[in-house]
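Spelled out, the chains give:
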Amino acid sequence: MTDRALQNRLPPLHQAAPRSLYVHIPFCASKCWYCDFNSYVQSDAAKTRYTTALLRELALLAEEYQTSGDRLRLDTVFFGGGTPTELPLCEWERIAMGLREQFAIDESVEWTVEANPGSKSDHLLAALALLGVNRVSFGAQAFEDDLLKAIGRRHDTSAIEQSVALAMSAGFSRINLDLMIGLPEQTLANVQESVRKAIDLGVTHVSVYGLKVEPGTVFARRQAKGCLPLPDEDLEARMFEEARARLAAVGIEQYEISNFAKSGAKAHHNLAYWRNRPYLAAGAGAHGYVYGMRYENVKSLSLYEESLTNERRPLANTRAVSAQEAMEDSVILGLRLREGVQKAAFAADHGVDMGAVFGDVIRPLVECGWLLEDAASYRLPVALLPVANEIMLRFLRE
Ligand code: SF4
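Sequence order as written defines residue numbering, which begins from 1 separately in each chain. Since the coordinates come from a predicted model, pLDDT governs what is reported: local features require at least 70, and pairs of side-chain atoms require 80 or more to be given and counted, while whole-chain, interface and lining totals use all residues. Derived side-chain values reflect all non-hydrogen atoms in the structure, with water molecules and hydrogen atoms excluded from consideration.

**Here's the deal with the site of the ligand**
Okay, so step 1: Whether a residue is near a molecule or strand depends on its heavy atoms: if one lies within 4 Å, it is near. Taken together, Cys28, Ser30, Lys31, Cys32, Tyr34, Cys35, Phe37, Gly82, Thr83, Asn116 and Arg153 make up all the residues around the ligand.
Okay, so step 2: Under the convention adopted here, Pro, Cys and the residues Ala, Val, Leu, Ile, Met, Phe, Trp and Tyr are nonpolar, Asp, Glu, Lys and Arg are charged, and Gly plus all remaining residues are polar. A class-by-class count of the residues in the shell around the ligand yields five nonpolar, four polar and two charged.

Here it is, written out as C-alpha cells:
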C-alpha cells in the first residue's frame, strides 16, 4: 500500500464504538500549588448548575453515539477532576440515575471515582458504593505531613489512612493511591516511607508520578524566583526505582510507566487509553476520541453551561485523526505498557501489520536490544521504560 493510500483509508479502529466514558468534575476545595488541571473552588449552587449541564451533555452524547437505537454499552466509566468527591451526594444521585438512563451499564462495568483523602469524601464513599461505584482512586501524593503542606495539599497522613480504611469498610476492594516523586526537598527516605505506608494500607493499585512544574502555577512562580528546591534528575530516578522495587517485592507489579497493580487489579479504563481504544468524554475541558475524531470541550464553566442550556455540545475544537497518526498513537501509547503493542490488536485496529508500517524503525531497535519482539508483541525492556519517550519519538513520521 502506498503512503498516500495508507493515509487516506479509514482504519477499523475508527469504525469501533466507544466502550469507555471519562467525566470531568472541575471542583476542588482549594488549589494545590503544582496544579494546572481545569478545577475551581465553587459554591454548592454552582455544582448543581454544573451537574444539570453535565446531564444534558451525557444525553446528547448518548443520542449521538447510540447504535441502532440501543443505548451504548459502556465497559468503563471514570470520574476525574478536580475532585469529584467535592460534589454533594444529591448531585451524585442525579448523575448515577442519568448515566443509567442514557447508557447500558451493568454490574461488570468498572466505575472509578477520584477522591481526595479527608472529611468530605469520607461520608460519601459508602453512598457511592451503593450507587454502583466500584473503584476509588485517592490523591494521597505523600505520607509526610510537612511535605503535604509544602505542596499545598489540605489533607495529612492520618486522613489518607482514615479514608482508605473507610473505603475498605464501604466495600471497595479496588483502591488506588497516587504518589508523587520529585517534590521540593523530598528525600529518598520520604519516598521509601510513602511506599511502605501504601503497601501497609493494603491498596491494590499505586500510581507514581514525577512532579512537573506547569506554567501559571504557584510552583512555576517560585521556580522563576529561584526558590523551588527540587531533587535533581538522578535522585528522582532513584526515587522511582526505589518505589518500583519495593512495590514489586510485594507483588504490586509495574504494568505501565507510572502504574503498578496487584494481580487482577489493573485499571481497565486507563488500559483502554493505552491500547488506543476510542472513548467518550464529558465535562468542562474533557477530551474524547471517537470514530476517528479527537474533541475537546470548552474549559470555562460558564461557556460549558451556556452551550448545554442551548442543547449544543460544548465543543472547543475537534480534529480528524489520520490513519497514519492513529497507528503512531497505537505504538506510542502501547509502548508505555509492559505488555507492549500486541501485533494482532494492531493489525485488527489498523488493517495492516505493524512490521509492514514501521519495519525500518523496528529493525535497528530490536537489533540493539531497545525493543523486544516475540510472536505476539513488541515491547520495551523494563529497564528502558523510564526513557521510553526517546524511543517512542522514533515512530513519529513527521
Ligand atoms: S486536588 Fe487535584 S485537581 Fe484539585 S487542585 Fe489539587 S492537584 Fe489539582
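Having put the structure on the table, let's press on.
**Brief notes about the pairing of strand β13 (residues 293-297)**
Okay, so step 1: If DSSP finds at least two bridges between two strands, the strands pair. Think of it this way: any DSSP run of H or I at least four residues long counts as a helix, any run of E at least two long counts as a strand, and we number them from the N terminus. As paired elements, strand β12 (residues 287-290) and β13 share four bridges and run antiparallel to each other. Within β13, the residue paired with Gly288 across the bridge is Tyr295.
Okay, so step 2: From the end of β12 to the start of β13, which pair antiparallel, there are two residues, and Tyr291 there has a positive phi angle of about 45°.
Okay, so step 3: Bridging between β13 and strand β14 (residues 315-320) involves five bridges; their strand directions are antiparallel.

**Focus: the domain arrangement of the protein**
Okay, so step 1: Each assigned domain of the protein is listed with its residue range as follows: domain 1 (13-274) and domain 2 (323-395).
Okay, so step 2: Relative placement of domain 1 and domain 2: their C-alpha centres are 28 Å apart.
Okay, so step 3: Across the boundary between the two partners, domain 1 contributes 11 residues, which contact 12 residues of domain 2.
Okay, so step 4: Once two parts are brought into contact, the accessible area they lose, counted with a 1.4 Å probe and summed over both, makes up the buried area. Summed over both sides, the interface of domain 1 with domain 2 buries roughly 1100 Å², with 58% coming from carbon and sulfur.
Okay, so step 5: Should a side-chain nitrogen of Lys or Arg be within 4 Å of a carboxyl oxygen of Asp or Glu, the pair is scored as a salt bridge. Here domain 1 and domain 2 share two salt bridges between them.
Okay, so step 6: A salt bridge links Glu256 to Arg336; the nearest nitrogen and oxygen atoms lie 2.5 Å apart. As annotated, the domain borders come from an automatic or database domain assignment. Between two residues, a contact is recorded if the distance between any of their heavy atoms is within 4.5 Å.

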